[in-house]
Amino acid sequence: MKKILSVLCVLAFIASFACIGASADDAVSFNLVAAEVTEGVDTFTVDVVAHLPEGGDVTQVGLLLTVPEGIKLDSFKKVYTDEGMYTCSETTDTNPYMILWVAGTASLPVGDTVLCTLTFKADAALAAGAEFALDLEFEPDNMPATVAGDAVTATCGDCTVVVAAATEAPVSTEASEAPVSTEASEAPVSTEASEATEAPATDAPVTEPTDTTGAPATGDNTTMMFAVVALMVVALGAAVVVKKVNVK
C-alpha cells in the first residue's frame, strides 16, 4: 500500500511540473514575425502577432517598436479590426514607434492574431547577409490588461531580419531536345538497279524482198508459152488464108 501511495505522489509531482511548464510555454505574448527577405529588394514587411492561450484575456496593450539604422518604418497597416481601436505615433519617423490597441470590453481572440503589418524601407538595395534587429517592448503606461483592468503577465518577442541570397533555378545540363540519331533517316538505297531488268531482245525473222528482176515463176512461164503458141497458130492460119486468096 505504501508503494502504491509513493508512486501516486511521484506521478502527481511530475504532473504539476508539466502543468507549470505548459502554462509558461503557452502564455500571452506579442511577437514580430518577418516575411522572407531576399537580396536586391529595398522593402520588406513584419507582422505584429498577438498570442493568447485558452482562457486568456487582453483588452488593451501598448507596444514600442525600435527601428535600427539602415532602414526606416515606411507604413503601418491595421489587420485585426474586429474589435478595439488603434492609436499610433504621429509619424512613422518617430523612433521608437508606439502602437496602442484598446478594446474596452472585448478581448483579443484566443490563438495567434495578426494585429498589424509594418513595412520597412532600406536606404539602398539590400545585400545578402545584411541583418536588422527590431526591438519590441511594452509601453510602460499601457501594459497588457484584462477587461477588469488587471495586469496580464505577457512577453514581447524581438526580431532579427536576415537578408537571404537569391537562388536561381538549377539549369539542366542535358539537352532538352530529343537526341539526333547518327543513322540516316532515309530508307537505305539498294545497290541493285531500281529499274526493271529488260528482257533480252529477240531478232524477229526478216523476210528478204522478192527479186523482181529475176526469172518469172514456173506458172507464169507456162502461161506465156501457151500465149506464144496461140499467136503462132493465129499467124499461121492467117498466112494460109492469104495464100488461098492469092491462088484464086
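Cut-offs and rules
Residues numbered from 1 in each chain as written. Predicted model: local features only at pLDDT ≥ 70, side-chain atom pairs only at ≥ 80, totals over all residues. Heavy atoms only, no water. Helix = DSSP H or I, 4+ residues; strand = E, 2+ residues; numbered from the N terminus. Buried < 20%, exposed > 50% of the residue type's maximum accessible area, 1.4 Å probe, protein only. Contact = heavy atoms within 4.5 Å. Areas by Shrake-Rupley, 256 points an atom, 1.4 Å probe, with all protein chains shown as cover. Core = buried A, V, L, I, M, F, W, Y, C linked by side-chain atoms within 4.5 Å. Phe/Tyr/Trp six-rings, centres within 6.5 Å; stacked < 30°, edge-to-face > 60°. pLDDT = per-residue confidence, 0-100. Pairing = 2+ DSSP bridges. Axes fitted to C-alpha atoms, helices over the stretch in contact; angles between N-to-C directions. Salt bridge = Lys/Arg side-chain N within 4 Å of Asp/Glu carboxyl O.

Tallying secondary structure elements over the protein chain gives two helices and ten strands in all. Helices (α) and strands (β) of the protein chain occur, in sequence order from the N terminus, as α-β-β-β-β-β-β-β-β-β-β-α. Counting all 248 residues of the protein chain, 23% fall into the buried class. Partitioning the intrachain contacts of the protein chain with sequence separation of at least 6 by distance along the chain shows that 77% fall at a separation of at least 24. For the protein chain, the exposed surface amounts to about 18100 Å²; the carbon and sulfur share of it is 59%.

Let us now look at the nonpolar core. The biggest cluster of nonpolar side chains holds 37 residues, and the ones touching the most others in it are Phe30, Leu65, Leu108, Leu115 and Phe120. The contact partners of Phe120, leaving out residues within four places of it in the chain, are Asp42, Thr43, Phe44, Val46, Leu65, Val67, Ile71, Lys72, Leu73, Asp74 and Leu134.

With that settled, consider the packing of aromatic side chains. Across all of its chains, the model carries six aromatic pairs by this definition. Consider the rings of Phe30 and Phe138, whose centres lie 5.8 Å apart with planes at 85°: the pair is edge-to-face. Residue Phe30 is found in strand β1 (residues 28–34), and its partner Phe138 is found in strand β8 (residues 131–138); the two are separated by 108 residues along the sequence. Between the aromatic rings of Phe76 and Tyr97, the centroid separation amounts to 6.3 Å while the plane-to-plane angle is 45°, which identifies the pairing as tilted. In this pair, Phe76 is assigned in strand β4 (residues 71–78) and Tyr97 in strand β6 (residues 97–102), connecting sequence segments 21 residues apart. Aromatic rings pair up to connect Phe44, Phe120 and Phe132 into one cluster.

Across the protein chain, the average pLDDT comes to 76, with 58% of residues at 70 or higher. For residues 204–218, every residue scores under 50 in pLDDT, and the model assigns this stretch one contact once sequence neighbours within four places are set aside. This model gives residues 240–248 a pLDDT under 50, and the stretch forms zero contacts once residues within four places in sequence are excluded.

Now for the sheet that holds strand β3 (residues 60–66). Here five strands make up an open sheet; going across it, the order is β5-β6-β3-β8-β10 and the pairing antiparallel. Each of the sheet's edge strands pairs with one partner strand only, and the pair in question is β5 (85–88) and β10 (159–162). Within the sheet, the average angular offset between the axes of one strand and its neighbour, ignoring direction, is 20°.

The next subject is the pattern of salt bridges. Working definition: two side chains of opposite charge can pair if their charged atoms are close together. Per the counting criterion, the structure on display carries one salt bridge. Close ionic contact of Lys121 with Asp42 constitutes a salt bridge, the shortest N to O distance being 3.2 Å. Placement of Lys121 in strand β7 (residues 111–122) and of Asp42 in the loop between β1 and β2 (43–52) is noted, with a sequence separation of 79 residues between them. Taking the relative accessible area as the measure of exposure, Asp42 reaches 30% and is therefore partly exposed.

Tracing the chain through its elements places Ala125 in the loop between β7 and β8. For Ala125, a relative accessible area of 54% gives the class exposed. Separated by 85 residues in the primary sequence, Ala125 and Gly40 place their C-alpha atoms 5.0 Å from one another. Setting aside chain neighbours within four positions, we find Ala125 in contact with Gly40, Val41 and Asp42.

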